[in-house]
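Listed below are the residues making up each chain.
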Amino acid sequence: EDFAVESLPGDVFQLGNTSWRVLKVEPGRLLVEDARGMPPTLPFWIGEAPGRTDELSAAVSRLRAEAEARIALREGGGVDLSACLAWLEEEVGLPAAAARQLAEYLATGLAALGAMPTQETLVAERFFDEAGDMHLVMHAPFGSRLNRAWGLSLRKRFCQTFNFELQAAATEDAIVLSLGPTHSFPLEDAFRFLNSGTVRNVLTQALLDSPLFGVRWRWNASRSLALPRFRGGRRVPPPLQRQEAEDLIAVVFPDQLACLENIAGEREIPEHPLVEQTLRDCMEEAMDVVGLEALLRRLERGELRLVARDLVEPSPLAQEILNAQPYAFLDDAPLEERRTQAVASRRWLDPETAADLGALDMAAIERVRGEAWPEAASADELHDALLTLGFVTAEEGRRSGWQRLLDELAQERRAVVLKDAANSPSPELWVAVERLPWLRALLPAATFQPEAAVPARYAREWAPEEAAVEVVRGRLSGVGPVTIEALAASAGLRPRTVEAALLALETEGFVLRGRFTPGFPDLEWCERRLLARVHRYTLERLRSEIEPVPQADFVRFLLAWQRVDPDARGEGPESLAALLQQLEGYEAAAAAWEGEILPARMVEYDPSWLDSLFLAGRYVWGRTTAPGTPGGSRTGAPRRSGPVRATPIAFLSRPALPLWREVARTAGPEGVELSGNARSAYELLCRRGASFFGEIAHGAGLLHTQLEDALAELVSWGLVTADSFTGLRALLVPAHKRPRVGRRGDPVALFGIENAGRWSLLGPQDPAGNAAEAQTPSEAAVEAVAWTLLRRYGVISRRLLERESLAPTWGELLRVLRRLEARGEIRGGRFVEGFSGEQYALAEAVGQLRAIRKQPRTGKLVSVSASDPLNLVGIATPGEKLPALAGNRLLYRDGEPVAVYEGREVRFLADLATPETANAAARWQAENALVRRSVAPKLRAYLGRSA
């Protein structure tokens, strides 16, 4: 009858695994035909399938219990199915093939869960999916009516407790709750979230938000004649019936359709026969609230056996609920948006190995501990590690080989040694001065040496409870699974203080508790992100998947990833746009961009393509690190005559320019004064905004040559930019080398400063050159830079950022990268040998990196400029660093640096002789490969050398 109210001929609905098309609507029945896979036009909640009877659910439970009694699990693995098979064949009457399939299925579930779910034994399992989210499956074979009521009530209780609307589904045998990042609780507590005395009210409030209430309300209103089915001799169309039903409920039950912002607390249920009948139909026909109350009372009396299991991947008994059809959903998220779609499981799991689902791999735990613990190679890296961890003990410092670096930090008054005189024995703690307020709040009697002042931005009073939370949070990010006692002993704190902090972090969803280390019986705590990584590594047990690649293979990967490999170069203007997106934010010498970097990545580079991208407003060029800053000190102070060929220039996406300004260090040193002409041009741009060359010359009263020198000076300080790259070309080409205007065939537009378009300010800056106070970049800016670095290198680590002048600090990037990993957008781990600390990669980069490793080495020679981002000598490869000057060059052979061109001399880094070639011939081949590429005739004057 529900269908008769809602359906019209031609409607398609899904029932079970089959979709049906309505042929004819008659009173109380529908004539339908197989829709042959057509997508439904009616929402899934209209097609309510009848639930399993209580008698059939009890029979399923008895079958499971009988099978469990006849399945023998051997110690150390293995299972004996002979008794179960004989019973299924002889007494139950199943064919041999069906009996074996059923016995293996139940035995695998029993081995994985440690118990067989029945109406006397409830089992809860929890596991991570591929994206790092968690799912909770409650195995309860009570039928869909009771499970639907239990699932809706649990979903509502989770929403009230954690303020997070989660996805849920319920079938005849199980309930699944897709947990969010804030859901952290002891798994055993899942059975006790509901109370028999209040569950009816919780379920009532939950079903008011579900589509189930609206369908039942329309049916009751229609059959009670409160709404007419026919008007004027014709049947009222379903859309009009829905509208009239909503109008009626707005009068009878206004809170049902009211704005939630105007409702304080729970909705008040009116005393109206239609409302009461609809609630009764929902709770006692579509669901079984009476059975749920009885079940909860049995739980409260302790009559049921409760089993909770944290698994590496879902058990075989959870596969049905994870792949449930839409009619089982308890929320309105469509199938393609279900979080359960991110759960990956094996195609088949035999009973002998199913018990391993509950055991984490010890090698994976140790690997995650090694990755989480920082590896500092300099005092700055160690200082960042202290900021992240909160503190390190003196023993940990000696074990990690940091004593010299710690002493260096102490001399610079950036770290101190803290000793608590009130507790004996008490560990000596090395603490960064920025974290001293935390430890002072926790250990008020502690003394520290040497004396050091806390920076103003970190100097605040902390409550002991808040300080304990932050100290434990930082500590957990670097130690992996750990007990309360171990945490307390490392910091010299009371276990009760640490336990309270862990409970607060558990409420946030930051930490999870459980027994993670194999063979270790005590309760452990682990950061959610690290535990998700342990689970992932446990699933990836193949050595080839977890072994990092050599550095040479990583360079081979980068040569192909950045299209420098001759077999991977791009063609056409759109390829150039993709290259600029990959190289965005990288500073290189002005002459190197069109002389080395871009042509090395293109089959035939045309400079007009670059001008088109700038004139279209897609990118902007300019100097982003002023001289005197760490990123801009390579070329010294700018000259008043204009920018030199080695002036660092970066390409930035114009829509993302505000985010790049947050991380750019464009403020000049104090006391620097611009020349009079440069100041006049700058002040005019500040007043008028973007202006053409002639407008600036007229408004500032400057001659043509004077304005050129002024703009050159402003470009050198990173103050201005132009609409096209022609402006920079014109400033770098001496006047006597520019093509004369009017000569036929000369590319005047490439060098004419009048053709550069408008000139504008690159970023807000004091015209006196005074340094602006450094501001911490926003999370959005740091995330934008993180994605840019991931696109550029595929795999990033701290060391790869040494030549990135626009990169935020590693500590700021680390927080964003960890969040991206937690969202499942990138992967964290150890992908490349020789890089200390954590590494993060794009998923597609990891696959390509593994494929590159499998490719044989052919001796391919690839030459790059020292200004190129692929100049990784001393960073990703062994050896001394090659200065990033446009005249220097580097030669790779199969990803290994073999020769450099520096100071007009070729220096070999490796023996080039092979069994196939003589040493002299190999050297000649290497020297020939180091020769620069031919320069396009249009750019000869600009680049200052012939083809």
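Residues numbered from 1 in each chain as written. Predicted model: local features only at pLDDT ≥ 70, side-chain atom pairs only at ≥ 80, totals over all residues. Heavy atoms only, no water.

## Section: the pattern of salt bridges
Okay, so step 1: Scanning the model with the defined rule gives 53 salt bridges in all.
Okay, so step 2: Between Glu104 and Arg100 there is a salt bridge, and its shortest N-O distance comes to 3.5 Å. Within this pair, Glu104 and its partner Arg100 are both found in helix H4 (residues 96-113), separated by 4 residues, close to a single helical turn.
Okay, so step 3: Two residues, Glu506 and Arg513, come together in a salt bridge whose shortest N-O distance is 2.9 Å.
Okay, so step 4: Via salt bridges that share partners, Arg367, Glu371, Glu527, Arg529, Arg533, Arg536, Arg818, Glu821 and Glu838 belong to a single interconnected network. (Salt bridge = Lys/Arg side-chain N within 4 Å of Asp/Glu carboxyl O. Helix = DSSP H or I, 4+ residues; strand = E, 2+ residues; numbered from the N terminus.)

## Details of unusual backbone geometry
Okay, so step 1: Between Gln449 and Pro450 the backbone carries a cis peptide bond, its omega angle lying at -10°.
Okay, so step 2: In this structure, Pro450 sits in the loop between strand S16 (446-449) and helix H19 (464-479).
Okay, so step 3: Of note in the backbone geometry, Arg413 takes a positive phi value of approximately 60° without being a glycine.
Okay, so step 4: With respect to the helices, strands and loops of the structure, Arg413 is situated in the loop between helix H17 (403-411) and strand S14 (415-420).
Okay, so step 5: Despite not being glycine, Asp894 shows a phi value in the positive range, around 55°.
Okay, so step 6: Along the chain, Asp894 turns up in the loop between strand S29 (889-893) and strand S30 (896-902).
Okay, so step 7: Using a relative accessible area of 14% as the deciding quantity, one classes Asp894 as buried. (Buried < 20%, exposed > 50% of the residue type's maximum accessible area, 1.4 Å probe, protein only.)

## Observations concerning the side chain of Ser178
Okay, so step 1: Structurally, Ser178 can be placed in strand S9 (residues 174-179).
Okay, so step 2: Beyond its immediate chain neighbours, meaning those up to four positions away, Ser178 contacts Met134, His135, Leu166, Gln167, Arg339 and Thr340. (Contact = heavy atoms within 4.5 Å.)

## Observations concerning the pairing of S9
Okay, so step 1: With 6 of 6 residues buried, S9 lies mostly within the body of the structure.
Okay, so step 2: Every second residue of S9 is oriented toward a common face, with Ala174, Val176 and Ser178 on one face and Ile175, Leu177 and Leu179 on the other, all of them buried.
Okay, so step 3: Examined bridge by bridge, strand S7 (residues 134-139) and S9 share 6 bridges and lie antiparallel to one another. Pairing of Met138 across the sheet is with Ile175, part of S9.
Okay, so step 4: Once strand S8 (residues 167-170) ends, the chain turns through 3 residues before running back antiparallel as S9. (Pairing = 2+ DSSP bridges.)

## Details of helix H25 (residues 573-583)
Okay, so step 1: Turning to H25, its buried residues number three or more, namely Ser575, Leu576, Ala577, Leu579, Leu580, Gln582 and Leu583.
Okay, so step 2: Where H25 is buried, its residues meet helix H24 (551-561), helix H26 (590-597), helix H27 (607-615), strand S20 (619-622), strand S21 (648-653) and helix H33 (779-793).

## Points about the pairing of S7
Okay, so step 1: Burial analysis of S7 places 6 of its 6 residues in the buried class, which makes it a mostly covered element.
Okay, so step 2: Every second residue of S7 is oriented toward a common face, with Met134, Leu136 and Met138 on one face and His135, Val137 and His139 on the other, all of them buried.
Okay, so step 3: As paired elements, strand S6 (residues 121-128) and S7 share 6 bridges and run antiparallel to each other. Bridge assignment links Val123 to a residue of S7, and that residue is His139.
Okay, so step 4: Counting the residues in the hairpin turn of S6 and S7 gives 5 residues, including Gly132, whose phi is positive at 90°.

## Points about the sheet that holds S16
Okay, so step 1: Pairing within the open sheet is antiparallel, and its 4 strands lie in the order S13-S15-S14-S16. Of all strands in the sheet, those with a lone pairing partner are strand S13 (392-393) and S16, marking the two edges.
Okay, so step 2: The sheet contact formed by S14 and strand S15 (residues 429-432) spans 4 bridges and is antiparallel. The residue bridging Val416 from the neighbouring strand is Val431, located in S15.

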